[in-house]
Amino acid sequence: MKWGFLLATLIAFGVQGEERHALVIGNAAYTAPEPPLRNPVNDAREISAALKSVGFEVRLALDADHAAMRRAIRAFEDTLRRKGGVAFFYFAGHGLQVEGRNYLVPIGARLQREDQALARAVDATELVQRLRETGSRLNIVILDACRNNPLTKQPYAARGGSGEGLAPVRPASGTLVAFAAEPGHVVGDGTADRGLYAKHLARTLRVPGLPLEQVFKRVREAVEQESRGRQVPVEFSTLTGSDFYFLPR
Amino acid sequence: MADAEFEDLLFAYAAGSLDAAARARVEAALDADPELRRRLRWYEAVCDGMVARLPQPPSLPSPDVIVAAARAARRNAPRGFFAWLAGPALRPAAALAALLIVAQAAIIAGLVGERAAQEPVRALTPGAQSADGAVVFVVAFDPQATEADIRALLLKAGGTIIDGPRQLGDYRISVPANRADYAKSLFEESGIAEYVRAEEAAK
C-alpha cells in the first residue's frame with residue numbers, strides 16, 4: 001500500500017515536470033433562502049482526491065462562506081503568482097447568472113435580490129480573469145454549479161435578463177472553462193451521494209494518455225449517456241500550443 | 001445692473017461691507033436665484049478663509065485671482081468698484097481676505113512638510129515602482145469597513161486609489177516609494193484590510 005502510494009506520488013510529481021495547483025470548493029450546507037444541496041461536498045472531495053493522484057497540490061474548501069471563499073481564492077492566486085504552472089479551479093454548489101455574468105454562491109449569502117449577488121457572491125467571470133493575471137501557464141476552471149438558480153422562484157428574479165443555469169463565457173487566453181451543463185440549463189443535485197459530472201470527471205482525468213480536451217469529451221459522452229441526454233457538459237476554450245495531460249501515458 | 005457689477009456687489013455683501021440699501025438689493029436677488037446663493041456661499045468661504053473645505057465652482061475665480069485683480073484695479077483705475085474695494089470702507093475686509101489666503105497657504109505648506117517628515121526614507125522591495133517612483137499595493141478592505149475608515153487610512157499612508165474596487169473588494173493603491181514600508185505596515189495593522197500585497201514589477 002505504502003509503495004503503491006509512493007509510486008503514484010512519484011509518477012504524479014513527475015508528470016510534465018511543472019507546478020500544478022488546484023483550488024476545490026464544495027458548498028452544500030446552504031441556509032434559507034438558498035436551498036441546501038446534497039452532493040457538492042462529496043463532489044469536491046472526490047475531485048480533490050483525483051487531482052492529488054495526478055500531482056496537483058490541492059487546497060480544499062468545504063461549505064465556505066464569502067470570507068472563506070475570498071481567503072481561499074487570494075491564497076490560491078498568491079501561490080500561482082509565486083510558482084506559476086497549471087491552475088485548476090473547481091466549484092460545486094449554487095451558481096446563478098445575473099445580466100450575463102456568472103456568480104458562485106457562498107454559504108450564508110442569503111440572496112433576496114439578484115443585485116445582492118454582486119456583493120455577496122463571487123463573480124466567476126472576474127475569477128477567470130484574475131487567474132489569468134497570476135501568470136499561470138494554463139487555467140482550467142470547472143463550474144459544477146449549474147443547479148437551479150435559487151432566485152428564479154422569487155417574483156423579481158426575471159429582471160435583468162437572468163435565468164436558470166449559467167451564462168456562456170469568453171475565457172481569457174490560455175484558459176478552459178467547463179460547465180457541468182449547457183448554458184441556460186440546470187442539472188439536478190443527483191440522486192446518489194455524488195453528482196454525475198464530478199463522478200465522471202474524477203474518473204476520466206485519471207486515464208493515462210488523454211489530452212485535456214479529450215478528457216472533457218469523454219466526460220461529456222459519459223454524462224450525456226447516463227443522464228439520457230438531459231445533461232450535456234460544455235467547455236469554452238482559448239487554449240493553444242502543446243497538449244496538457246493530467247496523466248501522460 | 002451688469003453681471004460683473006453685481007458680482008462685485010455680491011462679494012462685498014459676503015464681506016459684510018454694504019450699506020443697508022445695497023444689502024436689501026442683494027438679498028432680494030438672492031431670494032429669487034438659487035445659483036446666486038451658491039455663488040454667495042463661495043464668496044463667504046473666501047472671506048472666512050475656508051476655501052479648502054469647499055470645491056471651487058469652475059466658473060468662479062480663485063481668491064488669489066480676486067485679490068490680484070483688486071490690486072491691479074487699484075493701481076490702474078482709481079474709479080469704479082475696485083477703487084471702492086480698496087477704499088476705507090472695504091480695506092479691512094480685503095486685507096483680511098488676503099491675510100487668510102496667505103495663512104492658509106502657510107498651513108498647507110506646513111502640513112505637506114510634516115507629512116514628508118513623518119517617516120524616514122526607505123525603499124520597499126520587491127514592489128512595482130512606477131516611473132514617478134510610486135509603489136503600488138493591492139489592498140482588499142473588509143466589507144464592513146466604512147468609507148471614512150478607508151479615507152483616514154489612505155490619508156495617513158499617503159496613498160491614492162488608482163484602480164478598484166474589483167468584485168472581491170481589491171483596490172490598487174499608489175504610495176510614494178519613500179513611504180512604502182510605512183504604508184504597508186499601516187495597511188496590515190489597520191484592522192480593516194483583509195489582504196495586502198505589494199504588486200510585482202512588470203516582467
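Note that the coordinates shown come from a computational prediction; the quantities given were computed from them, not determined experimentally.

Next up on the list: the overall build of chain B. Tallying secondary structure elements over chain B gives 8 helices and 4 strands in all. For chain B, the succession of helices and strands along the chain, N to C, is α-α-α-α-α-α-β-α-β-β-α-β. Evaluated residue by residue, chain B yields a buried proportion of 24% over its 203 residues.

Residue and element names in this part refer to chain B. Pairing in this open sheet of 4 strands is antiparallel, and the strands run E2-E3-E1-E4 from one edge to the other. Edge positions in the open sheet fall to strand E2 (160-163) and strand E4 (193-198), since each of these has one partner strand only. This sheet shows a mean twist of 35° between the axes of neighbouring strands, independent of strand direction. Inspection of the sheet shows strand E1 (residues 134-141) paired to strand E3 (residues 170-176) by 7 bridges, in the antiparallel sense. Residue pairing in the sheet places phenylalanine 137 in a bridge with isoleucine 173 of E3. The sheet strands contacting helix H8 (residues 180-189) are E1, E3 and E4, and the helix crosses E4 at an angle near 160°.

The next subject is the interface of chain B and chain A. Taken together, the contact pairs 5 residues of chain B with 6 residues of chain A. The class makeup of the residues in the side of chain B that touches chain A is 2 nonpolar, 1 polar and 2 charged.

Glancing now at unusual backbone geometry. All names here are of chain A. In this structure, the amide linkage connecting alanine 32 to the following residue, proline 33, adopts the cis form with an omega of 10°. Position of proline 33 among the secondary structure elements: in the loop between strand E1 (20-26) and helix H2 (40-53). Even without glycine at this site, arginine 110 takes up a positive phi of about 50°. Locating arginine 110 in the fold gives a position in the loop between strand E5 (101-104) and helix H4 (117-120). On the neighbour-count criterion, arginine 110 (14 C-beta atoms within 10 Å) is partly exposed.

Quick look at the sheet that holds strand E7 (residues 138-144) of chain A now. Residues and elements named next belong to chain A. Taken in spatial order, the 6 strands of this open sheet run E2-E1-E3-E7-E8-E9, and their pairing is mixed. Edge positions in the open sheet fall to strand E2 (57-62) and strand E9 (234-237), since each of these has one partner strand only. Neighbour-to-neighbour, the strand axes of the sheet open up by a mean angle of 10°, direction not taken into account. As judged from the 6 bridges shared by E1 and E2, these two strands associate in the parallel manner. Directly across from isoleucine 25, in E2, lies its bridge partner alanine 61. Against the sheet, helix H5 (residues 124-133) engages strand E3 (86-92), E7 and strand E8 (175-179), with an angle of about 160° to E7.

Here the focus is the environment of glutamate 133 of chain A. Residue and element names in this part refer to chain A. For glutamate 133, the position within the fold is in helix H5. We classify glutamate 133 as exposed; it has 12 C-beta atoms within 10 Å. Residues glutamate 133 and glutamate 77 lie 56 residues apart in sequence; the distance between their C-alpha atoms is 8.9 Å.

What counts and what doesn't
Residues numbered from 1 in each chain as written. Chains lettered and ligands numbered in written order. Predicted model: local features only at pLDDT ≥ 70, side-chain atom pairs only at ≥ 80, totals over all residues. Helix = DSSP H or I, 4+ residues; strand = E, 2+ residues; numbered from the N terminus. Buried ≥ 20, exposed ≤ 12 C-beta atoms within 10 Å, placed from the backbone. Pairing = 2+ DSSP bridges. Axes fitted to C-alpha atoms, helices over the stretch in contact; angles between N-to-C directions. Contact = placed C-beta atoms within 7 Å. Nonpolar A, V, L, I, M, F, W, Y, C, P; charged D, E, K, R; others polar.

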